[in-house]
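# What the coordinates show
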Amino acid sequence: PQILDFLAIAVRARKNILISGGTGAGKSTLLGALAEVIPDTERIVMIEDTAELNLDQEHIVRMETRPPNIEGRGQIAARDLVINALRMRPDRIIVGEVRGAEALDMLQAMNTGHDGGICTIHANSPRDALSRLETMVLMAGIELPSRAVREQIVSALHLLVHVRRYDDGVRRVESVAEVTGLEGATPLMQELFAFRRRGREGRHVIGYFTAMGVVPQMVEELRDQGVHVPVSMFHRSAESEP
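In this report, we go over the structure that sits alongside the text. The shown structure was predicted, so the numbers you read here are calculated from the model rather than taken from an experiment.

### Thoughts on the pairing of strand 2 (residues 44–48)
For strand 2, a buried count of 5 out of 5 residues is recorded, marking the element as mostly surrounded by other parts of the structure. A two-sided burial pattern is seen for strand 2, the buried positions comprising I44, M46 and E48 on one face and V45 and I47 on the other. Direction of pairing for strand 2 relative to strand 4 (residues 92–95): parallel, over a ladder of 4 bridges. From the neighbouring strand, V45 faces strand 4, where its bridge partner is I93.

### Notes on the sheet that holds strand 9 (residues 204–211)
Reading across the sheet, the 9 strands line up as 3-2-4-5-1-6-7-8-9 and stay open at both edges, with mixed pairing between neighbours. Lying at the two open borders of the sheet, with one neighbouring strand each, are strand 3 (60–64) and strand 9. When the angles between neighbouring strand axes are averaged without regard to direction, this sheet yields 25°.

### Notes on the pattern of salt bridges
By the definition in use, this model includes 16 salt bridges. For R150, the salt bridge goes to E134, with nearest N and O atoms at 2.8 Å. Here R150, found in helix 6 (residues 146–156), pairs with E134, found in helix 5 (residues 126–138); they are 16 residues apart in sequence, far enough to count as distant. Note on R150: relative accessible area 23%, which makes it partly exposed. Given the relative accessible area of 10%, E134 is considered buried.

### Focus: the packing of helix 3 (residues 78–85) against helix 4 (residues 102–110)
Running from N to C, helix 3 and helix 4 point in directions that differ by 20°, and their axes come no closer than 8 Å. By the angle class used here, helix 3 and helix 4 are roughly parallel. Relative to helix 4, the crossing made by helix 3 is left-handed. In this structure, helix 3 contributes A78, R79, V82 and I83 to the contact, and helix 4 contributes E102, L104, D105 and M106. When its residues are assigned to classes, the contact of helix 3 with helix 4 shows 5 nonpolar, no polar and 3 charged.

### Focus on the packing of helix 5 against helix 6
Between helix 5 and helix 6, the shortest axis-to-axis distance is 10 Å and the interhelical angle comes to 120°. One element, helix 5, and the other, helix 6, form an angle in the oblique class. Pair helix 5 / helix 6 crosses with right-handed handedness. Residues L130, L133, E134, V137 and L138 of helix 5 form the contact with helix 6, whose own contacting residues are S146, V149, R150 and I153. Its residues assigned to classes, the contact of helix 5 with helix 6 shows 6 nonpolar, 1 polar and 2 charged.

### Description of unusual backbone geometry
A positive phi angle, near 65°, is found at R14, a position not held by glycine. Summarising the element assignment, R14 is placed in the loop between helix 1 (2–12) and strand 1 (17–21). Residue classification places R14 among the partly exposed residues on the basis of a relative accessible area of 25%. For R89, which is not glycine, the phi torsion reads 50° and is therefore positive. With a relative accessible area of 55%, R89 lands in the exposed category.

Procedures and definitions
- Residues numbered from 1 in each chain as written.
- Predicted model: local features only at pLDDT ≥ 70, side-chain atom pairs only at ≥ 80, totals over all residues.
- Heavy atoms only, no water.
- Buried < 20%, exposed > 50% of the residue type's maximum accessible area, 1.4 Å probe, protein only.
- Helix = DSSP H or I, 4+ residues; strand = E, 2+ residues; numbered from the N terminus.
- Pairing = 2+ DSSP bridges.
- Axes fitted to C-alpha atoms, helices over the stretch in contact; angles between N-to-C directions.
- Salt bridge = Lys/Arg side-chain N within 4 Å of Asp/Glu carboxyl O.
- Parallel < 35°, antiparallel > 145°, perpendicular 65-115°, else oblique.
- Left-handed = near helix turned anticlockwise from the far one by under 90°.
- Contact = heavy atoms within 4.5 Å.
- Nonpolar A, V, L, I, M, F, W, Y, C, P; charged D, E, K, R; others polar.

In structure tokens, the structure reads:
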């Protein structure tokens, strides 16, 4: 429940969230669940390869990519849609999946006042997600130094949520981490919540969710905005005590 409450607070407070995970891990499902928290008064622009997300809000603009025709013409890439979305006065930009050069435009948007963006990305761990995002930015063909790309990433993203489909078939939120900055050339993250595996019972994976005992940096900022975040939700669970 604490993970759910915290993510709901983060979405309402317009924090930029990246959801990572492997194929079939439940990234789009979680994205849809988090997007339900967005207030009805906000104008949402959704960019997808195929229309999968089904939101109930009133002000939604749906945009889909289009592959080239048999003559190789008429392609509409996700990058074109992200650039056009910026002209549509969006309160939120949601990208179903970042998989190419549109990563650069999405980061630029997040860094220029378009807060509250939510995206998904294929990756096996939170650290891999940031590395893959950096690779995708370089796919845009712009000669940017690696450090400049990483500075863009850490200033744009606030939270990284990693989901995983475990070998018992259950999809779980494995980690919620806050992106805190850059040390040298390494992006820094602090894990706020995690799923800890204990073992197996028959075919089922046994484990528990726990807070890591770390209060995120954004809590002070949220308090300044009048958003109350109980610090008790970040206390470690009794199960995780040694």
